[in-house]
Amino acid sequence: MKLFLFSLFATIASAAPSTGHCRCRPHESCWPSEQEWSGLNDTIQGNLVAVRPAASVCYAAEFDQAACKDAINKWSDSTWRAAQPGAGQWENWEAWAERHQTCYMESAHDKTCGQGRISLYSAKVQTASQIQKAVRFASAHNLRLAIKNSGHDFLGRSAAPGSLQILTNGMKDIKFVDNFIPVHAPKGKGEGKAVTLSAGVNLAELYKAVAEHNVTVIAGASHTVGAAGGYIQGGGHSPFGAWKGLASDNALEFEIVTADGKLVTANAYQNSDLFWALRGGGGGTFGVVAKVTVRTFAEVPVVVANLNITTSAGDPHFWNAFTEWHAALPDLNDGGGSGYYFGIPDMSLNATSSVSSIISLLMFPEHSETSAIGKLYAPLVKKLKSIPGVVVQYGAFGLPTMNTTIQTMLLEGNTDTTGGMTTLLSRLYSKDLLLSEDGPSRLSKAWSSLRYSPGETFIGHVVAGGAVAANGDKVDSAVNPAWRKAVIHLLCSRSWNATTTLAKQRAIIKNATEVEIPLIRSVEGNDNMGAYLNEAHPYEPGFQGSFWGDNYPRLYSLKQKWDPKGLFIARKGVGSEDWDDAGLCLSK
């Protein structure tokens, strides 16, 4: 391992700019000595490890037959990836392609395995105290820090070249209380039933725990998203958002290690400005969250409604159906519905036949009668059936509890399929747009103008409206105000593979940034609405306004207060514009 690190340090030294305004890098005299790294390891109870990319065990120079076989078998397993210091959920953020540092499993293994954006060391922390010691070490030595919970991140925020990683994935404590009282809350200000989660608890673990206590929570629909990490700190949309709001709306208290190495509590009664920022201001930006406490809710029944829309592939009436679907969404949303829909403009059925399809799944908590939901859908179904060439299938059924719905409809199995290389394009769209006379058709025109290769999808998240909108008057947080006007979060992806040239990768990103993002923004205007910062284009133009709207100036000011030296820099996070893309050197 020492041999590889020395070789790596030499590579970094040859590529790094010479400036006094950069993080300390391995070739510099400020870099911690072997003795100092050993000292950090001792203070965090032996939990410091040197890190190589997860695929390195399959490359000739580091080949380990058993480890390589295990890595190949688990390469697309999100749970495995979450626990690996040398992996993210998407391979493009493991690589540093512009520096020609890659270590793809799919590449020829007789070549060099480059370190890429993978951290050099990882503090696999188990306690808040260990987080504090790692933060203080990074601050003392001016190191680039990377905070990884599960690595479920489309913007590259949990990876950074030449960095010390703090990996919180092993912190799994869960504690339920019948009446949570925030620290320093006045007498009688209990918040009712709640659950406190340590930083590494993922959504699948959270859902399992709440089901055992016969309560539920507002969270997402992925096994390995870390509940306390960037998910909730970025706002956290949920398939049950119309029922109880965003995940961040239901956060009651955080324990966080700040840039000075202190463990502080942030809630409505102390450090309230930090509490405001942590609910929507973005993960990895204001410190390292060790715990979060969120509300729990009593179990309720759910009606699940499934509507499928199909035409022959290439039939322009598909986009007419798209228009009618979106025109109907405000009424379905007002009726309590939220969930997802998936559009496949070109889906092969067999060697000679293809279709265009929208598959939707909306859920209606606190409903048990399918007939009532059927009445909500009836006008839409009638309109769709009147469009030539459109085939419509509708059905609804009841499930006894929220947790039954989650396990049956949203989190089947034990893991998600990840890996690969992808970038997202996304936009929030308002209820006003969908209710306007020509809004749905303008939306259809824009999204039909995007390129869809066979099998490629767009994904609609009906995760706003209802309580998300109502909470705008009740919850003062850093969440983009556009969320309070939105009904849907609509996205698609652009992907490549290990053989895609750097020039082609750049062309894909350039087209997404300069052509496709402006196109989907144009539906409501460049300065209206925004994008969900956890599922957005990693090169989003004007990300400050897109991700936070009018909240950005206050967030930037709080960043200077709580992290004046910029120890916590996340790509496209608050204050990141002051640094280069890797977060290694100040750019201004």
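Conventions and cut-offs
Residues numbered from 1 in each chain as written. Predicted model: local features only at pLDDT ≥ 70, side-chain atom pairs only at ≥ 80, totals over all residues. Heavy atoms only, no water. Core = buried A, V, L, I, M, F, W, Y, C linked by side-chain atoms within 4.5 Å. Buried < 20%, exposed > 50% of the residue type's maximum accessible area, 1.4 Å probe, protein only. Helix = DSSP H or I, 4+ residues; strand = E, 2+ residues; numbered from the N terminus. UniProt positions renumbered as here; feature names shortened; annotations may be inferred. Arc of directions from axis to C-beta. Contact = heavy atoms within 4.5 Å. Pairing = 2+ DSSP bridges. Axes fitted to C-alpha atoms, helices over the stretch in contact; angles between N-to-C directions.

## Here's the deal with the nonpolar core
And then number 1: Grouped together as the largest cluster of nonpolar side chains are 73 residues, with contacts concentrated most on Leu206 and Trp483.
And then number 2: Here this core takes 5 residues from helix H9 (residues 272-278), the largest share from any one element.
And then number 3: One finds Leu362, Phe364, Leu450 and Val487 within the second-largest nonpolar core, a separate group that totals 43 residues.

## Here we look at the UniProt feature "domain: FAD-binding PCMH-type" (unreviewed entry) in the protein
And then number 1: Mapped onto the present numbering, the UniProt feature "domain: FAD-binding PCMH-type" (unreviewed entry) falls on residues 113-299.
And then number 2: Measuring from the first to the last C-alpha atom of residues 113-299 gives 50 Å, for a span that is 22% helix and 25% strand.

## Things to note about helix H18 (residues 552-562)
And then number 1: Considered for burial, the residues of H18 that qualify are Tyr552, Leu555, Leu558, Lys559 and Trp562. Projected down its long axis, H18 carries its buried residues within an arc of 120°, all on one side. In H18, the exposed positions angled more than 90 degrees off the buried face are occupied by Pro553 and Lys561.
And then number 2: Residues of H18 that are buried sit in contact with H9 and helix H17 (543-548).

## Looking at the side chain of Ser444
And then number 1: Tracing the sequence through the fold places Ser444 in helix H14 (residues 439-448).
And then number 2: With a relative accessible area of 6%, Ser444 lands in the buried category.
And then number 3: Setting aside anything within four residues of it in sequence, one finds Ser444 in contact with Trp319, Phe322 and Thr323.

## Observations regarding the sheet that holds strand S3 (residues 144-148)
And then number 1: The mixed open sheet is built from 4 strands, whose spatial order is S1-S2-S4-S3. Each edge of the open sheet is held by one strand with a lone partner, namely strand S1 (48-50) and S3. When the angles between neighbouring strand axes are averaged without regard to direction, this sheet yields 25°.
And then number 2: For S1 and strand S2 (residues 121-124), the ladder comprises 3 bridges, and the chain directions are antiparallel. The residue of S2 that forms the bridge with Ala50 is Tyr121.
And then number 3: Contacting S1, S2 and strand S4 (163-167), helix H2 (residues 34-43) runs over the sheet at an angle of about 140° to S1.
And then number 4: Its contacts with the sheet place helix H5 (residues 128-140) against S2, S3 and S4, and it is angled at close to 170° to S4.

## Remarks on the sheet that holds strand S18 (residues 486-496)
And then number 1: Within the open sheet, the 7 strands sit side by side as S15-S12-S14-S13-S17-S18-S16. Their pairing is antiparallel. Taken across any chain shown, the strands that pair with only one partner, and hence form the sheet edges, are strand S15 (391-399) and strand S16 (421-430). Across this sheet, the average inter-strand angle for adjacent strands is 15°, counted without regard to direction.
And then number 2: Pairing of strand S12 (residues 302-312) with S15 involves 9 bridges; the strand directions are antiparallel. Among the inter-strand pairings, Ile309 is bridged to a residue of S15, identified as Val392.
And then number 3: Against the sheet, H14 makes contact with S16, strand S17 (458-462) and S18, and its axis sits at roughly 5° relative to S18, the strand it touches most.

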